[in-house]
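# Structural overview for review
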Amino acid sequence: MEPYARGLLDVGDGHRVYWEECGNPAGRPAVVLHGGPGTGCTEAHRDLFDPELYRIVLLDQRGCGRSTPRVLDHRADLSANHTAALVGDLERLRVDRGVDRWLVLGGSWGSTLGLTYAQAHPDRVTAMVLTSVALLRPAEADWLYGGGAGRFFPEAWATFSAPAAGGDAAAVFAAYHRLLHHPDAAIRDTAVAAWCAWEAATLSLHPDQHAAAAFADPRFAATLVRLALHYFRHDGWLEDDQLLRDAGRLRGIPGVLVAGRGDMQTPVRTAWELAQAWPDARLVVVDGGHASTSGSVAAALRAATTTLAG
């Protein structure tokens, strides 16, 4: 499924956001929000929809993928890269592409951004399909970056948390922020590699020998780590429990929440809590990990988009 249109949208602040469309130009509009922050959209994201049913809009969020300027090193200016800016970019893209309302699909950080967007613009959302649900609450940060998940991966945690002397998430973020701004490029590169190794180790309760391959591209790795750390250090510019507290704004929007039972980065409980606060959402738990473009999770996402197409 190749794009039939693509381009770079000037969203202000010196940023241009890459977008592409594929599927059926007359189909039901949908937008895909990738994770990270900083991973970019991929060909595999297109396959989460029936191309006969959907007009699929994909984009690379500010600073990553084919959007410009791309975040690659410690000199990058991140002052205009924040959650409110990304929400604004989505609205600009929607208007630019002539879309009135669209289905929002997001995974991991993409679920956070999708919920933030939908709560700000519920009249522009027809439905939502979210996986690896993350609400960016401090407790979730402490789970992944403060030692919670480290109970299951003690060897990997010991290595990853060493720069912070085994401290909590705030200490880990502060330590890696210092390392990523160190004048020695070798130290910066080592920090990027350490962060990616932890990400790879915690994708699933069951080890995946191929997980590290996703971080093999040094440009991809540098972009991901720098943007992810930037957002996580600031709690995504969200108030504690904001997305759960404001779930009532999603009333009337049908949703499907897909969770992998073995997901160690965003455990099932977060999706379950959101489902309790959002009566129009249905929780689907599958035998998978922290992934949205392969295996049982991808199958459940495609089934959800197909069902929601009516």
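What counts, and where the lines are drawn
- Residues numbered from 1 in each chain as written.
- Predicted model: local features only at pLDDT ≥ 70, side-chain atom pairs only at ≥ 80, totals over all residues.
- Heavy atoms only, no water.
- Pairing = 2+ DSSP bridges.
- Helix = DSSP H or I, 4+ residues; strand = E, 2+ residues; numbered from the N terminus.
- Axes fitted to C-alpha atoms, helices over the stretch in contact; angles between N-to-C directions.
- Contact = heavy atoms within 4.5 Å.
- Parallel < 35°, antiparallel > 145°, perpendicular 65-115°, else oblique.
- Nonpolar A, V, L, I, M, F, W, Y, C, P; charged D, E, K, R; others polar.
- Phe/Tyr/Trp six-rings, centres within 6.5 Å; stacked < 30°, edge-to-face > 60°.
- Buried < 20%, exposed > 50% of the residue type's maximum accessible area, 1.4 Å probe, protein only.
- Domains from an automatic or database assignment.
- Buried area = accessible area lost by both parts, 1.4 Å probe.
- Salt bridge = Lys/Arg side-chain N within 4 Å of Asp/Glu carboxyl O.
- Polar contact = N/O pair within 3.5 Å; in protein donor to acceptor, adjacent residues only side chain to side chain.
- UniProt positions renumbered as here; feature names shortened; annotations may be inferred.

## Let's talk about the sheet that holds strand E6 (residues 125-131)
Taking strand neighbours across the sheet as the criterion, the 8 strands line up as E1-E2-E4-E3-E5-E6-E7-E8 in an open arrangement whose pairing is mixed. Each edge of the open sheet carries a strand with a single partner, namely strand E1 (5-12) and strand E8 (281-286). Going from strand to strand, the sheet's axes swing by 20 degrees on average, the running direction of each strand aside. The sheet contact formed by strand E3 (residues 28-33) and strand E5 (residues 102-107) spans 4 bridges and is parallel. Bridge pairing in E5 links Ala30 to Leu103. Strands in contact with helix H2 (residues 83-96) are E1, strand E2 (15-23), E3, strand E4 (54-59) and E5; relative to E1, the strand with the most contacts, it is inclined by about 130 degrees. Helix H10 (residues 268-277) contacts strand E7 (255-260) and E8 of the sheet and is inclined by roughly 160 degrees relative to E7.

## So, the packing of helix H7 (residues 185-201) against helix H8 (residues 218-233)
Packing of H7 against H8 brings their axes to within 9 Å, and their N-to-C directions diverge by 75 degrees. Considering the angle they form, H7 stands roughly perpendicular to H8. Between H7, through Arg188, Val192, Trp195 and Cys196, and H8, the contact on the second element is made entirely by Ala221, Ala222, Val225, Arg226, Leu229 and Phe232. Among the residues making up the contact of H7 with H8, the classes are represented as 8 nonpolar, no polar and 2 charged.

## Focus on the packing of aromatic side chains
Applying the stated criterion to the full structure yields 17 aromatic pairs. When the centroid spacing of 5.1 Å and the interplanar angle of 65 degrees are considered together, the rings of Phe49 and Tyr54 count as edge-to-face. Among the residues examined, Tyr54 registers a relative accessible area of 0% and is labelled buried. Here a set of aromatic residues connected by ring pairs shows up, and it is made of Tyr145, Trp157, Phe160, Phe173, Tyr176, Trp195, Trp198 and Phe232.

## Concerning the domain arrangement of the protein chain
Annotation of the protein chain at the domain level lists domain 1 (5-135 + 238-309) and domain 2 (140-235). Taking only C-alpha atoms, the centre of domain 1 and the centre of domain 2 are 23 Å apart. Sorting the residues of domain 1 by area buried against domain 2 places His74, Met264 and Gln265 first, and these three jointly supply 32% of that buried surface. Put simply, domain 1 and domain 2 have 0 salt bridges between them. Linking domain 1 with domain 2 are 16 residue pairs in polar contact (both at pLDDT 80 or more), by the criterion used here. Taken together, the residues of the side of domain 1 that touches domain 2 sort by class into 12 nonpolar, 13 polar and 4 charged.

## Quick look at the UniProt feature "active site" (unreviewed entry) in the protein chain
As recorded in UniProt, the feature "active site" (unreviewed entry) lies at Ser108, Asp263 and His290. A stretch of 183 residues holds the annotated residues, and the largest C-alpha distance among them is 10.7 Å, short enough that they meet in one place. With respect to the element layout, Ser108 can be found in the loop between E5 and helix H3 (109-120). Setting aside residues no more than four positions away along its own chain, Ser108 makes contact with Thr131, Ser132, Ala134 and His290. Relative to the helices and strands, Asp263 is located in the loop between E7 and H10. On the basis of relative accessible area, Asp263 is assigned to the buried category, the value being 3%. Setting aside anything within four residues of it in sequence, one finds Asp263 in contact with Ser132, Leu203, Gly288, Gly289 and His290.

## Considerations on the environment of Ala80
As for its position among the elements, Ala80 is in the loop between E4 and H2. Ala80 gets classed as buried once you look at its relative accessible area, which sits at 14%. The sequence separation of Ala80 and Asp13 amounts to 67 residues, and the corresponding C-alpha distance is 6.4 Å. Excluding anything up to four places from it in sequence, Ala80 contacts Asp13, His15, Arg62 and Ala85.

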